[in-house]
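Inside the fold
Now for the letters of each chain:
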Amino acid sequence: MPRPLIGITTYVEASTRYGVWDLPTSLVPSGYYELVQAAGGAAVLLPPDEPERAAEVLGRLDGLVVSGGPDVDPVRYGAPRDPRTGAPATVRDEWELALLRAALADGVPVLGICRGMQALNVALGGTLVQHIDGHVHTPGVTSWHPVTPVPGTRYAELVPEVADVPTYHHQAVERLGQGLVVSAYAEDGTVEAIELPDREQWVVGVQWHPERDKDTRVMDSLVEAAGARRAVPVS
């Protein structure tokens, strides 16, 4: 059977330099697709498209990874903008929220990473804390801290121990989206992982960056769920 096909959302940059070029670019750090491949999946990168085409795109995929990146626009969760919140990424917000809602409606396995976890929470009606201290120490440099799993959650089954994870974020989950539960916390109480407890669909968000780590357990589980879904004929 072919490897499960996992779509990864991309960063959208107005100006990217490579070789002699400086052009608008849709890109993703190589760690994302390398992690999917290490877990046994085939990776495909998803540039923005019209939001109404999200279900069509997902119909060709077995799983979805929503990658890290800029802050979700607070207008998406009905909050005034904090001056420390980054500039809106309107095209990316519209596309990723449409993908998430379509995936949730169709039972596609989903892993949200950093911004992707926050977007998952917002897609389900949750809100975000627009600034926290202590999770970014040096601009452009990942830091590490321990996270503690919540017993009884899917994440705790995958990673039962307190684990050091690579982190780089200044926002966090505030009010949980509909149906979500917390599955890991940082030492300061920051929500570090969320999930849907419904075992019929694999949906997990992690606030850290597993693509910068060697631990593939969470991605292994996503790819396994995507493969199981692929093996079941769709009526």
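Look above for the structure.
Residues numbered from 1 in each chain as written. Predicted model: local features only at pLDDT ≥ 70, side-chain atom pairs only at ≥ 80, totals over all residues. Heavy atoms only, no water.

Some details on the pairing of strand β1 (residues 5-9)
The side chains of a regular strand alternate, residue by residue, between the two faces of the sheet. Most of β1 sits out of view: 4 of its 5 residues are buried. Relative to strand β4 (residues 42-46), β1 runs parallel, the two being bridged by 5 bridges. Across the sheet, the residue bridging to Leu 5 is Ala 42, located in β4. (Buried < 20%, exposed > 50% of the residue type's maximum accessible area, 1.4 Å probe, protein only. Helix = DSSP H or I, 4+ residues; strand = E, 2+ residues; numbered from the N terminus. Pairing = 2+ DSSP bridges.)

Quick look at the side chain of Thr 16
Among the structural elements, Thr 16 can be located in strand β2 (residues 11-18). Given a relative accessible area of 16%, Thr 16 falls into the buried group. Looking at Thr 16, its side chain comes within polar contact range of the side chain of Thr 25, at 3.3 Å. Discounting residues that sit within four places of it in the chain, Thr 16 has contacts with Trp 21, Asp 22, Leu 23, Thr 25 and Leu 27. (Polar contact = N/O pair within 3.5 Å; in protein donor to acceptor, adjacent residues only side chain to side chain. Contact = heavy atoms within 4.5 Å.)

Structural notes on the environment of Gly 69
Following the sequence through the fold, Gly 69 ends up in the loop between β5 (63-66) and α3 (90-106). What makes Gly 69 partly exposed here is its relative accessible area of 36%. A sequence separation of 61 residues divides Gly 69 from Gln 130, and the C-alpha atoms of the two residues are 14 Å apart. The residues touching Gly 69, leaving out its near neighbours within four places in the chain, are Tyr 11, Arg 92 and Arg 115.

A short note on the nonpolar core
Within the largest apolar cluster, 32 residues are counted, with the highest numbers of intra-cluster contacts made by Leu 46, Leu 58, Leu 64, Leu 99 and Leu 100. Broken down by secondary-structure element, the contributors of at least two residues to this core are α2 (54-58), β5, α3, α4 (115-123) and β12 (191-195). Looking at this core element by element, the count peaks at 8 residues for α3. (Core = buried A, V, L, I, M, F, W, Y, C linked by side-chain atoms within 4.5 Å.)

Here we look at the environment of Gly 179
Relative to the helices and strands, Gly 179 is located in the loop between β10 (172-173) and β11 (181-186). Overall, the relative accessible area of 44% leaves Gly 179 in the partly exposed class. Taking the C-alpha atoms as reference points, Gly 179 and Glu 195, 16 residues apart in sequence, are found 8.4 Å from one another. Ignoring sequence-local partners within four residues, the contact set of Gly 179 consists of Glu 195, Leu 196 and Pro 197.

Topic: unusual backbone geometry
One non-glycine residue with positive phi stands out, namely Cys 114, at about 55 degrees. Tracing the backbone through its elements, the reader meets Cys 114 in the loop between β6 (110-113) and α4. By relative accessible area, Cys 114 is classed as buried at 6%.

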